[in-house]
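# Architecture at a glance
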Amino acid sequence: MVERVKDFVSRFYLALIILFLYAPIAVLIVLSFNDSRSRVVWGGFTLHWYQVLFSNRQIMEALGTTILLALLSAAIAMVIGVLAALGIQAMRQRGFQVMMMFTNIPMLNADIVTGIALMLWFVRFMPLGFTSVLLAHITFNIPYVILSVMPKIKQMNLSIYEAARDLGANAVYAFFKIMLPQLLSGIVAGFFMAFTMSMDDFVITYFTKGAGVNTLSTMIYGELKKGIKPEMYALSTLIFVTVFALLLAVNFLPKKKERPVERMERER
Amino acid sequence: MNKKKTINRRSWLSAPYVVWVVGFTVIPLLVIFQYALTSRDGVFTLANITAIFEPVHLKAMLFSLEIAVGCTIICILLSYPLVMAMRRLNMGRQGFTLFILILPMWMNFILRILAWQLILSNNGILNFLLQKIGLAPLSLANTGTAIMIGVIYDYLPYMVLPIFNAVNEIDEDIIEAAKDLGANSLTVFLKVILPLSVPGLLSGIVMVFVPSMTSFVIADVLGGGKLQLIGNVIEQEFTKSANWNMGSGLSVSLMLFVLISMAFTTKNETEGKSSTIW
């Protein structure tokens, strides 16, 4: 009986938190179907904003910039970050600690300080624009890659790599055949984390972007004062639904293909 | 000997990163210090650093601290029951709940904060619902409470995830042992789960405290422009007053304050775990 009450209370609490987290999202989704430019009056159901969305050049450009930025910065951060993690792991105690300290700086530092520091530095040798934002995003993305790859390197069995080298594989071949498969899950996690952080960033982009370049975040911020276009609600609803579907597929499909041995391992 | 040699050679792989750190982490910090320590005419001064103690700035700083500490504490208080509630679910449902908690981060955060403005405004959704059930309307719009709701909303997942991971790593046998020895649920929580989840809790504190101390968008939207956090003050030094030296000085003060308080928090953290944020 006590257990049943506890179950009920804990589920009720979960439901409350989920309500808290999803209330604003529900508001945005409802607004994307609202046939009125006002944010407070319900003017009936419409799909109009979804139709005009794709002909709004400004929004489409910002969306393109945001996605390109996220892909490029995550990919470059992934390459530099994986190499860095392999190298740092091989360093002696002192070098290791110094490098990890520098890796933690962008994560511990406030976004606003990172953004301002980068901006003050960039203006000395280059115009602010897409390139400066890209450099900034790579800078804050690399630590996410390093921190998600590092634990995998620690778990990795180096003897297999050394055996491959002893048997005549060169370093590059042995890396792709032996190391990469063992590190893959960490690399993928790091890439997606970096991608997400880049997509969601506002503050650092805001300070390093200069005029003319806009990501979705900076565009929305610019529109705050004059009023958000309802197309924006439609776009975020579409992004949300897409990500929901993708994450659902990624999280819940592969379990079917799991090999019996792995399942036994997991259930043990 | 041979092994040591290959290992030393492998550390060269981090060369591009070392260059990157110097070029885009170290030098920018030196540059911001340079601006902070000089006046507009380039003369050395400490005035920009000590400016944090001017009443206007100090007020913003204390207000930020109040928001950050309040939000961090509330996030901790919300997270532990949530994690304990999740523990009661079976594995599949746990994964799904985790997924549900992370998903909102994919909707643009400024839009989500804007949605809170619509919910909390005086003739907004919350007051409409309150009046429907016969309660008095609240006037939350443009208050510190509204800012806190926004901050807690935005950063709660960053507290829940590390605590959940830490609690999840606790060996179930330890908990069973405590129960067998006669501990009730409260004792198990206080004596076993809470102490063993401290590394996760500390990561959570860092990940919630720093951004909530320094955000300026949330205060912009939910504070109605009247309530200023230190982030808003710094932002305006750059965008409105165009006083880069003052802005840099305040940033450096903020950075030092945050780094020192975080060093204080994570001091006890065990070696090696200090780098795991998630």
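Residues numbered from 1 in each chain as written. Chains lettered and ligands numbered in written order. Predicted model: local features only at pLDDT ≥ 70, side-chain atom pairs only at ≥ 80, totals over all residues. Heavy atoms only, no water.

Here the focus is the overall build of chain B. Assigned secondary structure in chain B consists of 14 helices and zero strands. Counting from the amino terminus, chain B carries its helices and strands in the arrangement α-α-α-α-α-α-α-α-α-α-α-α-α-α. Classification of the 278 residues of chain B by burial places 52% in the buried group. Taking the contacts inside chain B whose residues are at least 6 apart along the sequence as the reference set, 70% of them involve residues at least 24 apart. Accessible area for chain B stands at about 13100 Å²; split by element, carbon and sulfur atoms hold 67% of it. Of the side-chain charges in chain B, 18 are positive and 15 negative, and the distance between the mean point of each set is 6 Å. (Helix = DSSP H or I, 4+ residues; strand = E, 2+ residues; numbered from the N terminus. Buried < 20%, exposed > 50% of the residue type's maximum accessible area, 1.4 Å probe, protein only. Contact = heavy atoms within 4.5 Å. Areas by Shrake-Rupley, 256 points an atom, 1.4 Å probe, with all protein chains shown as cover. Lys, Arg positive; Asp, Glu negative; His and termini not counted. Charge placed at Lys NZ, Arg CZ, Asp CG, Glu CD.)

Between helix 4 (residues 93-108) of chain A and helix 2 (residues 15-36) of chain B, the least distance of the axes is 11 Å, while the angle of their chain directions is 55°. Here helix 4 of chain A lies oblique to helix 2 of chain B, going by the angle between them. Pair helix 4 of chain A / helix 2 of chain B crosses with left-handed handedness. Taken together, the residues of helix 2 of chain B that come into contact with helix 4 of chain A (itself represented by Met 99, Phe 102, Thr 103, Ile 105 and Pro 106 of chain A) are Tyr 17, Val 18, Val 21, Thr 25, Val 26 and Leu 29 of chain B. (Axes fitted to C-alpha atoms, helices over the stretch in contact; angles between N-to-C directions. Parallel < 35°, antiparallel > 145°, perpendicular 65-115°, else oblique. Left-handed = near helix turned anticlockwise from the far one by under 90°.)

Turning our attention to the domain arrangement of chain A. All names here are of chain A. Examined at the domain level, chain A breaks down into domain 1 (1-56) and domain 2 (57-228). Using only C-alpha atoms to locate each centre, domain 1 and domain 2 end up separated by 32 Å. Counting residues at the interface gives four residues for domain 1, matched by four residues for domain 2. Between domain 1 and domain 2, roughly 420 Å² of surface is buried when both sides are summed, and carbon and sulfur atoms account for 56% of that area. Between the two partners, domain 1 and domain 2, sit zero salt bridges. (Domains from an automatic or database assignment. Buried area = accessible area lost by both parts, 1.4 Å probe. Salt bridge = Lys/Arg side-chain N within 4 Å of Asp/Glu carboxyl O.)

Our focus in this paragraph is the interface of chain B and chain A. Each partner contributes residues to the interface: chain B has 84 residues there, and chain A has 90 residues. A buried area of about 8000 Å², summed over both sides, lies between chain B and chain A, and 76% of it is on carbon and sulfur atoms. Asp 7 of chain A is paired through a salt bridge with Arg 88 of chain B; the nearest N and O atoms lie 3.1 Å apart. When grouped by side-chain class, the residues that make up the side of chain B that touches chain A number 60 nonpolar, 16 polar and eight charged. (Nonpolar A, V, L, I, M, F, W, Y, C, P; charged D, E, K, R; others polar.)

Our next topic: the confidence of the model for chain B. All names here are of chain B. Confidence in the prediction of chain B, expressed as mean pLDDT, is 85, and 92% of residues score 70 or more. Within chain B, the lowest mean pLDDT, 59, falls on helix 1 (residues 2-10), and the highest, 93, falls on helix 4 (residues 55-87). Under a pLDDT of 50 for its full length, residues 269-278 has, in the predicted model, 23 contacts with residues more than four places off or in other chains. Confidence metrics for the complex model read pTM 0.86 and ipTM 0.84. (pLDDT = per-residue confidence, 0-100.)

Right, let's talk about the environment of Leu 21 of chain A for a bit. Mapped onto the fold, Leu 21 of chain A is located in helix 1 (residues 2-32). Given a relative accessible area of 2%, Leu 21 of chain A falls into the buried group. If we skip the residues at most four places from it in the chain, Leu 21 of chain A touches Leu 101, Pro 104 and Tyr 153 of chain B.

Once that is clear, we can look at the domain arrangement of chain B. The accessible area lost on association of the parts is a frequent measure of interface size. All names here are of chain B. Each assigned domain of chain B is listed with its residue range as follows: domain 1 (1-36) and domain 2 (47-275). Between the C-alpha centres of domain 1 and domain 2 the distance comes to 32 Å. The interface is formed by five residues belonging to domain 1 together with nine residues belonging to domain 2. Counting each side, the surface lost to burial between domain 1 and domain 2 is near 610 Å², with a carbon and sulfur contribution of 75%. Viewed at the interface, domain 2 and domain 1 are joined by zero salt bridges. For the interface between domain 1 and domain 2, the tally reads two residue pairs in polar contact (both at pLDDT 80 or more). A breakdown of the residues in the side of domain 1 that touches domain 2 according to their chemical character gives five nonpolar, no polar and no charged. (Polar contact = N/O pair within 3.5 Å; in protein donor to acceptor, adjacent residues only side chain to side chain.)

With that out of the way, let us pick up the pattern of salt bridges. Residues and elements named next belong to chain A. Applying the stated criterion across every chain, the model contains seven salt bridges over all chains. For Glu 3, the salt bridge goes to Lys 6, with nearest N and O atoms at 4.0 Å. You can see Glu 3 and its partner Lys 6 sitting in helix 1, three residues apart, about one turn around the helix. We classify Glu 3 as partly exposed; its relative accessible area is 46%. Between Glu 61 and Arg 57 there is a salt bridge, with the nearest N and O atoms lying 3.2 Å from each other. In this pair, Glu 61 and Arg 57 are both assigned in helix 3 (residues 57-90), four residues apart and thus about one turn of the helix distant. Judged by its relative accessible area of 48%, Glu 61 is partly exposed. Exposure remark for Arg 57: the relative accessible area of 64% places this residue in the exposed category.

By size, the foremost hydrophobic cluster in this structure holds 180 residues, and its most contacted members are Ile 112, Phe 202 and Phe 207 of chain A together with Tyr 17, Phe 216 and Leu 254 of chain B. If sequence neighbours within four positions are ignored, Phe 216 of chain B has contacts with Ile 112, Phe 202, Val 203, Tyr 206, Phe 207 and Tyr 221 of chain A together with Gly 231, Asn 232 and Glu 235 of chain B. (Core = buried A, V, L, I, M, F, W, Y, C linked by side-chain atoms within 4.5 Å.)

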